[in-house]
Amino acid sequence: LTADRSSHLPSPHMPTLALLDGHNLAFRAFFALPADLATSTGQVTNAVYGFTSMVIKLLGDEHPDALAVAWDSPARAYAASLPYKAQRDEAPDLFRSQMPLIHEVADVLRLPQLIAPGWEADDIIATVARAAARTIEGPGAPGAAGSSTARRGRGPAARSARRGRSRRRASGPV
């Protein structure tokens, strides 16, 4: 960050909130890691392992004061009305079979899980980030979201972090 943007970094006393798009992270992990990552009983766990690794890395690197995972609504009837979703294929069975395990990991880590009928995770993240930004003074309500939908709705007090395999890319205030 340049000197003129340094004022947008959270201060040591400013609380931070990390909001994760659970489906986005799990889907990225599923395609990034080999499908032969499995338990001794044959349960494929590449998405579970990748999701867990990304959450633990975020906690270790960022030390947020609070963290929550937003999920796309399981009620997908609304998706057909969204033009950009109409052409998408169904998620692979190997991915879908891991979702209950990923939710279980979030439960074990005591991460609040946010799901709203008819809402995508990005919309939930944008809504929560706006509300959090209103309750604090200055910057400090980062959202780790993978799409422009969430980044657009956060407002000036938030920043976005997208994690790659070897480096973190962060965008400044939006």
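Structure: see above.
First, a word on scope: everything that follows refers to the structure included in this document.

Conventions we followed
- Residues numbered from 1 in each chain as written.
- Predicted model: local features only at pLDDT ≥ 70, side-chain atom pairs only at ≥ 80, totals over all residues.
- Heavy atoms only, no water.
- Helix = DSSP H or I, 4+ residues; strand = E, 2+ residues; numbered from the N terminus.
- Contact = heavy atoms within 4.5 Å.
- Core = buried A, V, L, I, M, F, W, Y, C linked by side-chain atoms within 4.5 Å.
- Buried < 20%, exposed > 50% of the residue type's maximum accessible area, 1.4 Å probe, protein only.
- Pairing = 2+ DSSP bridges.
- Axes fitted to C-alpha atoms, helices over the stretch in contact; angles between N-to-C directions.
- Salt bridge = Lys/Arg side-chain N within 4 Å of Asp/Glu carboxyl O.
- Expected span 1.5 Å × (residues − 1).
- Phe/Tyr/Trp six-rings, centres within 6.5 Å; stacked < 30°, edge-to-face > 60°.

1. Quick word on the overall build of the protein chain
Then, number 1: The helix and strand tally for the protein chain stands at 7 helices and 5 strands.
Then, number 2: Counted over contacts in the protein chain with a minimum sequence separation of 6, partners at least 24 positions apart contribute 64%.

2. What about the nonpolar core?
Then, number 1: Membership of the largest hydrophobic core comes to 21 residues, with the highest contact counts inside it found for L20, F51, L67, V69 and I102.
Then, number 2: For this core, the secondary-structure elements that each account for two or more residues are strand 1 (17-21), helix 1 (22-32), helix 2 (46-62), strand 2 (66-70) and helix 5 (99-108).
Then, number 3: In terms of residue count, helix 2 provides more of this core than any other element does, 6 residues in total.
Then, number 4: The next biggest cluster of nonpolar side chains, apart from the first, holds 9 residues, and it includes L19, A68, A121 and I125.

3. So, the pairing of strand 2
Each regular strand shows side chains that alternate between the opposite faces of the sheet.
Then, number 1: Taken across its 5 residues, strand 2 has 4 buried, putting it largely inside the fold.
Then, number 2: Bridge count for strand 1 against strand 2 is 5 bridges, and the pairing is parallel. Following the sheet pairing, L17 is matched in strand 2 by A66.
Then, number 3: With 2 bridges joining them, strand 2 and strand 3 (residues 113-114) adopt parallel strand pairing. Residue pairing for strand 3: V69 is matched across the bridge by Q113.

4. Quick notes on the sheet that holds strand 1
Then, number 1: Strand order in the open sheet made by the 3 strands is 1-2-3, with parallel pairing throughout. Only two strands of the sheet have a single neighbouring strand rather than two, namely strand 1 and strand 3.
Then, number 2: Packed onto the sheet, helix 1 meets strand 1 and strand 2 and runs at close to 60 degrees relative to strand 1.
Then, number 3: The sheet strands contacting helix 6 (residues 121-135) are strand 1, strand 2 and strand 3, and the helix crosses strand 1 at an angle near 170 degrees.

5. Some details on the pattern of salt bridges
Then, number 1: For the coordinates displayed, the defined rule picks out 3 salt bridges.
Then, number 2: One salt bridge in this structure joins D61 and K57, with 2.7 Å as the shortest N-O distance. Pair noted here: D61 and K57 are both in helix 2, with a separation of 4 residues, about one helical turn.
Then, number 3: The residue D93 makes a salt bridge to R96 at a minimum N-O spacing of 2.1 Å. Of this pair, D93 and R96 both sit in helix 4 (residues 93-96), 3 residues apart, which is roughly one turn of that helix.
Then, number 4: Residue classification places D93 among the exposed positions, given a relative accessible area of 55%.
Then, number 5: The network of salt bridges with common partners includes E90, D93 and R96.

6. Here's the deal with helix 2
Then, number 1: If you check helix 2, its first and last C-alpha atoms are 24 Å apart, about what 17 residues at 1.5 Å a residue would give, namely 24 Å.
Then, number 2: All of the buried residues in helix 2 are N46, A47, V48, G50, F51, T52, M54, V55 and L58.
Then, number 3: Downstream of helix 2 by a residue or two, H63 has a phi angle that is positive, lying close to 50 degrees.

7. Focus: the packing of aromatic side chains
Each pair of aromatic rings is reported with the distance of its centres and the angle of its planes.
Then, number 1: Counting across every chain of the model gives 5 aromatic pairs.
Then, number 2: With a centroid separation of 4.9 Å and an interplanar angle of 85 degrees, the aromatic rings of F27 and F95 are classed as edge-to-face. Placement of F27 in helix 1 and of F95 in helix 4 is noted, with a sequence separation of 68 residues between them.
Then, number 3: Exposure remark for F27: the relative accessible area of 34% places this residue in the partly exposed category.
Then, number 4: Here the aromatic cluster, defined as three or more aromatic residues joined through ring pairs, consists of F27, F30, F31 and F95.

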